[in-house]
Amino acid sequence: MSISDFSGSALTSALTEPVTVSWRSPSNIALVKYWGKKGLQLPVNPSLSMTLSAANTETKLTVLPRKSEGDVSLDFWFEGAKNDAFGYRISRFLNSITPVFPWLRQVNLKIETSNTFPHSAGIASSASAFSALALCLCSMDADLFGILLSEDEFRNKASYVARLGSGSACRSVFPGFSVWGSSRALSGSTDQLAVPVPDVHAVFFTLRDTILMVNKKEKPVSSSEGHSRMTGHPFAAARIKQARKNTSELLDALKTGNKVAFIRIVENEAFTLHSLMMTSEEGFMLMEPETVRIISRIQELRKETGLDICFTLDAGPNVHLLYFEEQFEQVNKLIVEDLLKNNKQNMRMDDFYGKGPVKLG
Ligand code: DP6
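All values derive from a computational prediction rather than experimental measurement. (Residues numbered from 1 in each chain as written. Predicted model: local features only at pLDDT ≥ 70, side-chain atom pairs only at ≥ 80, totals over all residues. Heavy atoms only, no water.)

Undergrad: Report on the overall build of the protein chain, specifying residues and quantitative values.
TA: A count of helical and extended segments in the protein chain gives nine helices and 14 strands. Computed over the C-alpha atoms, the radius of gyration of the protein chain is 20 Å, within 12% of the 21 Å expected from 2.2 N^0.38 for a compact globule of 361 residues. For the protein chain, the spread of C-alpha atoms along the three principal axes comes to 70 × 40 × 40 Å. For the protein chain, with 361 residues in total, the buried portion stands at 56%. (Helix = DSSP H or I, 4+ residues; strand = E, 2+ residues; numbered from the N terminus. Rg over C-alpha atoms; globule rule 2.2 N^0.38 Å. Buried < 20%, exposed > 50% of the residue type's maximum accessible area, 1.4 Å probe, protein only.)

What follows is the structure, encoded as structure tokens:
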């Protein structure tokens, strides 16, 4: 599969009035981590994530008439204000996908976007942002040309486009659990786009993710920079092998409802991600002392209480505490009375298994 499989049409007559579409798309939390890429935004290993529910980006895309054709012309608004830094990354992305959407060169574009969570709060905001935008672009394409795609074709195309913007974004297009990257354990999985995990035990529909904030500041090393440190990493081959094995075993755990295996794999992935950062040639550390304190305490509390709790980490210091709905009350008590008791931020974000993006207009 390549860009030519999705290449689209140019407008044959000029647009006469503005057309608008909008989508709300969620973030996702990786359980097996995408870390390292090759070629045109392709992953070096398969990853598996859960789409969330509360952390969303809402994006409105408007196309307006334009006199002459040229590079993408974008008016970009983030949370009610013009944002050139973000706008620049989006412009670059849009220019890179004109083979898929040739009409992008023939219109003026306005993008208005906002998040339901703080930027760089350690939540993969690029995942929700690029999936929302990709969905808008695919809907706009369908509206402008009267294209009728099946639901599956539409999601696949949106996932493919989202991936070109930000790798993890391709997984947010689907509800629940999805895999991005070719894995022998899941037929149909591919490096080009994400696919939904078909067989999930009902217990995992009740999974919750409470993000315990350690530091809301911009991270010192971005994910994109972090990925590049995997090139030539001394442990790269072993990591790829491990991610394949973890993907396969996690698929099995999700299918059979095996919480013990789930906890083991998820924590192994979080520790691996951060070890890879520390052991790259230009080593760096995103965990903070408070991160270490919280994750150690989660492991102790699991032993002490027997609750099915575990943690994962993104490329940042904040801790994602994963647990199941039926234990919400006990876990909530632990969060308030123990885990966050002496935490300076004392801030959390409660999220849970999500049903995927929603078209707003
Ligand atoms: C640690 O998708 O943000 O969250 O493709 O460069 O935009 P780019 O990177 P990004 O990387 C996410 C890395 C991660 C793990 C994951 O989500 O799988």
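Undergrad: Just give me the short version of the pattern of salt bridges, but keep the residues and values in it.
TA: Scanning the model with the defined rule gives 21 salt bridges in all. One salt bridge in this structure joins aspartate 191 and lysine 38, with 3.8 Å as the shortest N-O distance. Residue aspartate 191 is found in the loop between β8 (177-180) and β9 (194-196), and its partner lysine 38 is found in strand β2 (residues 37-38); the two are separated by 153 residues along the sequence. By relative accessible area, lysine 38 is classed as partly exposed at 41%. Residues arginine 239 and glutamate 269 are paired through a salt bridge, measuring 2.8 Å at the closest nitrogen-oxygen approach. With arginine 239 in helix α6 (residues 236-256) and glutamate 269 in helix α7 (residues 259-278), this residue pair connects regions lying 30 residues apart in the sequence. (Salt bridge = Lys/Arg side-chain N within 4 Å of Asp/Glu carboxyl O.)

Undergrad: Requested: an account of the packing of α6 against α7, with residues and values cited.
TA: At a minimum axis distance of 9 Å, the contact between α6 and α7 shows a crossing angle of 155 degrees. Looking at the two axes, α6 sits roughly antiparallel to α7. Handedness of the α6/α7 crossing: left-handed. Contacts between α6 and α7 pair Arg239, Gln242, Ala243, Asn246, Glu249, Leu250, Ala253 and Leu254 from the former with Ala261, Phe262, Arg264, Ile265, Asn268, Glu269, Thr272 and Leu276 from the latter. When its residues are assigned to classes, the contact of α6 with α7 shows eight nonpolar, four polar and four charged. (Axes fitted to C-alpha atoms, helices over the stretch in contact; angles between N-to-C directions. Parallel < 35°, antiparallel > 145°, perpendicular 65-115°, else oblique. Left-handed = near helix turned anticlockwise from the far one by under 90°. Contact = heavy atoms within 4.5 Å. Nonpolar A, V, L, I, M, F, W, Y, C, P; charged D, E, K, R; others polar.)

Undergrad: Could you give an account of the packing of helix α1 (residues 84-96) against helix α2 (residues 125-145), naming the residues involved and the relevant values?
TA: Two elements in contact, α1 and α2, have axes separated by 13 Å at closest approach and are oriented at 45 degrees. In terms of orientation, α1 lies oblique with respect to α2. Along this stretch, α1 crosses α2, giving a crossing that reads as right-handed. Between α1, through Arg89, Ile90, Phe93 and Leu94, and α2, the contact on the second element is made entirely by Ser126, Phe130, Leu133 and Leu137. Across the contact of α1 with α2, the residue classes break down as six nonpolar, one polar and one charged.

Undergrad: Give me the domain arrangement of the protein chain: which residues, what numbers.
TA: Each domain of the protein chain was delimited in the assignment, giving domain 1 (3-198) and domain 2 (202-352). If you average the C-alpha positions of domain 1 and of domain 2, the two centres end up 26 Å apart. Contacts between the two partners involve 33 residues from domain 1 and, on the opposite side, 43 residues from domain 2. The three residues of domain 1 that bury the most area against domain 2 are Leu31, Lys33 and Trp35, which together make up 26% of that side's buried surface. Linking domain 1 with domain 2 are nine residue pairs in polar contact (both at pLDDT 80 or more). (Domains from an automatic or database assignment. Buried area = accessible area lost by both parts, 1.4 Å probe. Polar contact = N/O pair within 3.5 Å; in protein donor to acceptor, adjacent residues only side chain to side chain.)

Undergrad: Outline the sheet that holds strand β12 (residues 319-324), listing residues and values.
TA: The strands making up a sheet are joined through hydrogen bonds of the backbone, oriented either antiparallel or parallel. Strand order in the open sheet made by the four strands is β11-β12-β10-β13, with antiparallel pairing throughout. The strands lining the two open edges of the sheet, one partner per strand, are β11 (310-313) and β13 (348-352). Taking each pair of neighbouring strands and ignoring which way they run, the sheet shows an average axis angle of 25 degrees. Relative to β12, β11 runs antiparallel, the two sharing four bridges. The partner of threonine 312 across the bridge, within β12, is histidine 320. Relative to the sheet, helix α8 (residues 289-305) contacts β10 (207-212), β11 and β12, its axis offset from that of β11 by approximately 155 degrees. Contacts from helix α9 (residues 328-339) reach β10, β12 and β13, with the element oriented near 150 degrees to β12. (Pairing = 2+ DSSP bridges.)

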